[in-house]
Every structure is written in structure tokens, then in C-alpha cells.
Amino acid sequence: DIRRSLKFYQAALDVMRLCLGDRHSALAALLNRIGQIFIQRAEHDKAMLYFSECLALEDKADDHSALQRADAVFGIGQVYFGRSEYTMALEYYRIALQTQMHHFGLTHKNAATIIHHIGILKVTTGHYTEAFSYCMEALR
């Protein structure tokens, strides 16, 4: 039940803020998860708020996490995709992929996920040859 999950995640976020403060990357992971729930619910404005908060937190976090940053940027790309703003979605997907590749390499599972979503975007925009290339790259 998505609604129930969201309720628990938001309660956990409140507890984590009390225990860890506002400068810990564990908060970023939770913000990303909550943003993903709002993506699933097609509540793009709320998702954007959580992903943006995650990026702001990562900018000031004592234990900065490149993975959380890449996930938040990817999430913003998903928001734009959900809004049918494909140029912006592609821009954020590419930024997320660059961050992912720089820190973790092309073989990390998240890189494949991002590449796959670029392929889906290319299908959606009618660029089938490019879409096929991206989807094949994601499988490698």
C-alpha cells in the first residue's frame, strides 16, 4: 500500500531529522525514496520538492554521497519525463549518468537504469534507432 508506505517514510524522516540533524546523507536516501513514491503516484510537484531538498542536503552534508546526488538528479529527470518535458528530462538523465559514471563506472547497476530510461525517452519521442542503441547499452 503506497499510502501507508509514504506515511511510514515521512515518520522515519521526522525521527531521522531529530536524531541526525539536517546534514546527514541518510536523510538524502530517505528523501529520494519519498520522491520516488510521489513519482509512482504521479504527484510530480511533490516529488520535485523531495528531490530538490535531497540535492540541497547533499550540498551541505558532512558525509556527501555521490550516489544519492545522482539518484536525486535522476529523480528530477523522472519528474520532467512525467510532465512530458522530454528535453529537460534528458538533460537531467545525462547529468545523473555523468555523475554515476564518474564515481562508480558504467558497470554499476544504476548506470544501466539511467541508460534504459534514456532509451525509453527516445522511444517516447520517436527516436527509435537511438532508443534501440540505449536499450542495448543498458543490457551490457
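Just so you know, these numbers come straight off a predicted model, no measurement behind them. All chains use their own residue numbering, which begins from 1 and follows the written sequence. It should be noted that, the model being predicted, local features are given only for residues of pLDDT at least 70 and side-chain atom pairs only at 80 or more, the latter also being counted only at that level, while totals for whole chains, interfaces and linings use all residues. For the side-chain quantities, the full set of heavy atoms in the structure was used; hydrogens and water were omitted.

Numbering of helices and strands runs from the N terminus; a helix is a DSSP stretch of H or I covering at least four residues, while a strand is a stretch of E covering at least two. A count of helices and strands for the protein gives seven helices and zero strands. Listing the helices and strands of the protein from first to last along the sequence gives α-α-α-α-α-α-α. With the radius of gyration taken over C-alpha atoms, the globule rule is written as 2.2 Å times the number of residues to the power 0.38. Expected size for 140 residues packed as a compact globule is a radius of gyration near 14 Å; at 15 Å, the protein falls within 12% of this value. C-alpha atoms of the protein, sized along the principal axes, occupy 50 × 30 × 25 Å. Taking the contacts inside the protein whose residues are at least 6 apart along the sequence as the reference set, 53% of them involve residues at least 24 apart. Using the Shrake-Rupley algorithm and a 1.4 Å probe, accessible areas are obtained, with residue cover drawn only from the displayed protein chains. On the protein, roughly 7,900 Å² of surface is accessible, and the fraction owed to carbon and sulfur atoms is 56%. Contact definition: two residues touch when any of their heavy atoms are within 4.5 Å.

As a packed pair, helix α2 (residues 25-40) and helix α3 (residues 44-60) sit with axes 8 Å apart at the nearest point and diverge in direction by 165°. Our classification of the angle between α2 and α3 gives roughly antiparallel. The way α2 lies across α3 gives a crossing that is left-handed. Along its contact with α2, which presents Ser25, Leu27, Ala28, Leu31, Asn32, Ile34, Gly35, Gln36, Phe38 and Ile39, the element α3 presents His44, Lys46, Ala47, Tyr50, Phe51, Glu53, Cys54, Leu57 and Glu58. As a working rule, the residues Ala, Val, Leu, Ile, Met, Phe, Trp, Tyr, Cys and Pro are called nonpolar, Asp, Glu, Lys and Arg charged, and the rest polar, with Gly in that last group. Grouping the amino acids of the contact of α2 with α3 by side-chain chemistry returns 11 nonpolar, five polar and three charged. To obtain an axis, a line is fitted to C-alpha atoms, over the contacting stretch when the element is a helix, and the angle between two such axes runs from 0 to 180 degrees between their N-to-C directions. Oblique is the label for any angle not under 35 degrees, not over 145, and not in the 65 to 115 range, which are roughly parallel, roughly antiparallel and roughly perpendicular in turn. Helix crossings are classified by the rotation of the near helix relative to the far one: an anticlockwise turn of less than a right angle makes the crossing left-handed, while a clockwise turn makes it right-handed.

Glancing now at the pattern of salt bridges. Put simply, a salt bridge is a Lys or Arg side-chain nitrogen that is within 4 Å of an Asp or Glu carboxyl oxygen. Per the counting criterion, the structure on display carries eight salt bridges. Two residues, Glu43 and Lys46, come together in a salt bridge whose shortest N-O distance is 3.1 Å. With relative accessibility at 19%, the residue Glu43 sits in the buried group. Working definition: with a 1.4 Å probe on protein chains only, accessible area under 20% of the residue-type maximum means buried, over 50% means exposed, and in between means partly exposed. The exposure class of Lys46 is partly exposed, given its relative accessible area of 42%. A salt bridge links Lys122 to Glu130; the shortest N-O distance between them is 3.1 Å. Overall, the relative accessible area of 34% leaves Glu130 in the partly exposed class. Through salt bridges with shared partners, a single ionic network connects Arg17, Asp22 and Glu53.

Quick look at the packing of α2 against helix α4 (residues 66-82) now. Relative to each other, α2 and α4 sit at 20°, their axes nearing to 10 Å. Considering the angle they form, α2 stands roughly parallel to α4. At the point where α2 passes α4, the crossing takes the left-handed sense. Only Gln68, Asp71, Ala72, Gly75, Gln78 and Val79 of α4 make contact with α2, whose side of the interface consists of Ser25, Ala28, Ala29, Asn32, Gln36 and Ile39. Across the contact of α2 with α4, the residue classes tally to five nonpolar, six polar and one charged.

One less than the number of residues in a helix, times 1.5 Å, gives the span that helix is expected to have. With 19 residues, helix α5 (residues 86-104) ought to run about 27 Å at 1.5 Å a step, and its terminal C-alpha atoms sit 26 Å apart, in line with that. Residues Ala89, Leu90, Tyr93, Ala96, Leu97, Thr99 and Gln100 constitute the buried set of α5. Turning to α5, the residues buried within the fold contact α4 and α6 (109-124).

Glancing now at the nonpolar core. We define a nonpolar core as any set of buried Ala, Val, Leu, Ile, Met, Phe, Trp, Tyr and Cys residues linked to one another through side-chain atoms lying within 4.5 Å. One finds Leu13, Ile34 and Ile114 to be the most contacted residues of the largest nonpolar core, which totals 35 residues. Those elements that provide at least two residues to this core are α1 (2-20), α2, α3, α4, α5 and α6. If we skip the residues at most four places from it in the chain, Leu13 touches Leu27, Leu30, Leu31, Ile34 and Tyr50.

Function cannot be inferred from these measures alone, as they are strictly geometric.
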